[in-house]
Amino acid sequence: MRATHDTPGDGSARPAARQRLYVNVDHVATVRQARRTDEPDPVAAAALCEDAGADGITAHLREDRRHIQDADVERLARSVRTVLNLESACTDEMLAIAERLRPHQVTLVPERREEITTEGGLDVSREPERLAAAIARLRRADIRTSLFIDPNPDAVRRSRDVGAVAVELHTGTYAHHPGGGPALAALRDAARLAASLGLAVHAGHGLTVRNVGPVSAIPEIEELNIGHSIVSRAIFVGLAAAVREIRDAMDQARETGGEWRAARAVPPAGEVG
Ligand code: PXP
């Protein structure tokens, strides 16, 4: 059943008091695919994440099917009680899958087979007509579209021009330079610009309990997509605790306007926490 309680993507760019946490369950499937067996099950993990406070579930059906499989997204589409955010490349095959499964949201991402993970944002200047057509096609199926982009003004403006409802700002550069600096400033500026253009603003990639604070504190960012660090941390503390830890870090940063104290952050996954 499609959730209706959490549909902020009307382009109104209201600063969300409580930032949404969408948990990406891809790497639960990565562990399963290491043995091509049936455990751990990303669908069961998604339910656990929802119970622990996730506002949505994200899964990336990659063209090479390296982690999430078609059957997983079918089951997620049926069983997710919050909302499903389907990450996919902008291909006919993926758009057809989205039209059939009708997730709450599709986040279009660039995909290169040889990459370890999504390495950069979409190049919105390449084939804007194709992107605009894809977004219109998804809109006809009542699916909101977010574009995963680098935090730069040109990409933000172009996203608005092709008709996206939302942008997800790539936090990878920031994640490799935590604590502030130009990467954080770029995220702040891009978030402000996107909101001023009426876009909903999301962010994600490489976020952890240790570095999420300053991103959570950016008022225009209403949704975070976080996967790898939660699944990593779950190995040591369990999935529910890992979700709660990052939820707490987000809430704390949101409340204090970014006053984020490393001393209160948990140790990196792998250390005794
Ligand atoms: N957002 C997008 C668009 C992504 O492609 C990914 C990685 O799949 C994430 C967020 C989550 O990144 P991470 O697994 O590093 O938290």
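Quick caveat: nothing in here was measured; it's all calculated off a predicted structure.

Asks: Looking at this structure, I do not really get the overall build of the protein chain. What am I missing?
Replies: Scanning the protein chain from terminus to terminus reveals 11 helices and eight strands. Buried positions account for 54% of the 273 residues belonging to the protein chain. Carbon and sulfur atoms make up 52% of the accessible area of the protein chain, which totals about 12000 Å².

Asks: Would you mind showing me how to read helix α5 (residues 128-140) here?
Replies: Every α-helix winds through 3.6 residues per turn, so residues three or four apart in the chain are directed the same way. The end-to-end C-alpha distance of α5 is 18 Å, a good match for the 18 Å that 13 residues give at a rise of 1.5 Å each. Check the buried side of α5 and you find it contacts α4 (92-101), β4 (105-108) and β5 (144-149). Once α5 finishes, Asp142 follows within two positions and takes phi at roughly 65°, a positive value.

Asks: Help me understand the site of the ligand, please; the structure alone is not making it clear to me.
Replies: Taken together, 14 residues lie around the ligand, and Glu87, Glu168, Gly206, Gly227 and His228 are the ones closest in. Take Glu87: an N or O atom from its side chain is 3.0 Å from an oxygen atom of the ligand. Bound to the protein, the ligand loses 94% of the 400 Å² it would expose on its own. For the shell around the ligand, a count of residues per class yields three nonpolar, eight polar and three charged.

Asks: Explain the sheet that holds strand β7 (residues 200-204) here, please?
Replies: The pairing of strands in a sheet happens through backbone hydrogen bonds and is either parallel or antiparallel. One closed barrel holds the eight strands; their spatial order is β1-β2-β3-β4-β5-β6-β7-β8, and the pairing between them is parallel. Each strand of the sheet is rotated relative to its neighbour by a mean of 25°, with strand direction disregarded.

Asks: Can you help me understand the pairing of strand β3 (residues 84-88) in this one?
Replies: Most of β3 sits inside the fold, with five of its five residues counted as buried. Because side chains alternate across β3, one face comprises the buried residues Leu84, Leu86 and Ser88, and the other comprises Asn85 and Glu87, equally buried. Relative to β3, strand β2 (residues 56-60) runs parallel, the two sharing four bridges. Across the sheet, residue Ala59 finds its bridge partner in β3, namely Leu86. In the classification by handedness, the crossover that spans β2, the intervening helix α3 (residues 70-79) and the parallel β3 is right-handed. In terms of strand pairing, β3 meets β4 through four bridges, oriented parallel. Within the sheet, the bridge partner assigned to Leu86 lies in β4 and is Val106. Regarding topology, α4 serves as the crossover connection from β3 to the parallel β4, and that connection is right-handed.

Asks: Can you help me understand the packing of helix α6 (residues 153-161) against helix α8 (residues 182-196) in this one?
Replies: The description of two helices packed together rests on the angle between their axes and the distance between the axes. Look at α6 against α8: their axes get within 9 Å of each other, and the N-to-C directions meet at 25°. Regarding the angle of α6 to α8, the classification is roughly parallel. When the axes of α6 and α8 are compared, the crossing they make is right-handed. Along its contact with α6, which presents Pro153, Val156 and Arg157, the element α8 presents Ala190, Leu193 and Ala194.

Asks: Is there a simple way to think about the pattern of salt bridges in this case?
Replies: Once their charged atoms are close, side chains differing in charge can pair, the charge on each being opposite to the other. In this structure the tally under the stated criterion is 24 salt bridges. Here Asp251 and Arg247 are joined by a salt bridge, their closest N and O atoms 2.7 Å apart. Of the two residues, Asp251 and Arg247 both sit in helix α11 (residues 239-256), four residues apart, roughly one turn of that helix. Where salt bridges share partners, they join Arg18, Asp55, Arg247 and Asp251 into one cluster.

Asks: Which parts of the structure should I look at to understand the side chain of Thr145?
Replies: The residue Thr145 is located in strand β5 in this model. The exposure class of Thr145 is buried, given its relative accessible area of 1%. Setting aside its immediate chain neighbours within four residues, Thr145 contacts Val106, Leu108, Ile135, Leu138, Ala164, Val165 and Ala166.

The rules behind each value
- Residues numbered from 1 in each chain as written.
- Predicted model: local features only at pLDDT ≥ 70, side-chain atom pairs only at ≥ 80, totals over all residues.
- Heavy atoms only, no water.
- Helix = DSSP H or I, 4+ residues; strand = E, 2+ residues; numbered from the N terminus.
- Buried < 20%, exposed > 50% of the residue type's maximum accessible area, 1.4 Å probe, protein only.
- Areas by Shrake-Rupley, 256 points an atom, 1.4 Å probe, with all protein chains shown as cover.
- Expected span 1.5 Å × (residues − 1).
- Contact = heavy atoms within 4.5 Å.
- Near = heavy atom within 4 Å.
- Polar contact = N/O pair within 3.5 Å; in protein donor to acceptor, adjacent residues only side chain to side chain.
- Nonpolar A, V, L, I, M, F, W, Y, C, P; charged D, E, K, R; others polar.
- Pairing = 2+ DSSP bridges.
- Axes fitted to C-alpha atoms, helices over the stretch in contact; angles between N-to-C directions.
- Right-handed = clockwise from strand over helix to strand, strands pointing away.
- Parallel < 35°, antiparallel > 145°, perpendicular 65-115°, else oblique.
- Left-handed = near helix turned anticlockwise from the far one by under 90°.
- Salt bridge = Lys/Arg side-chain N within 4 Å of Asp/Glu carboxyl O.

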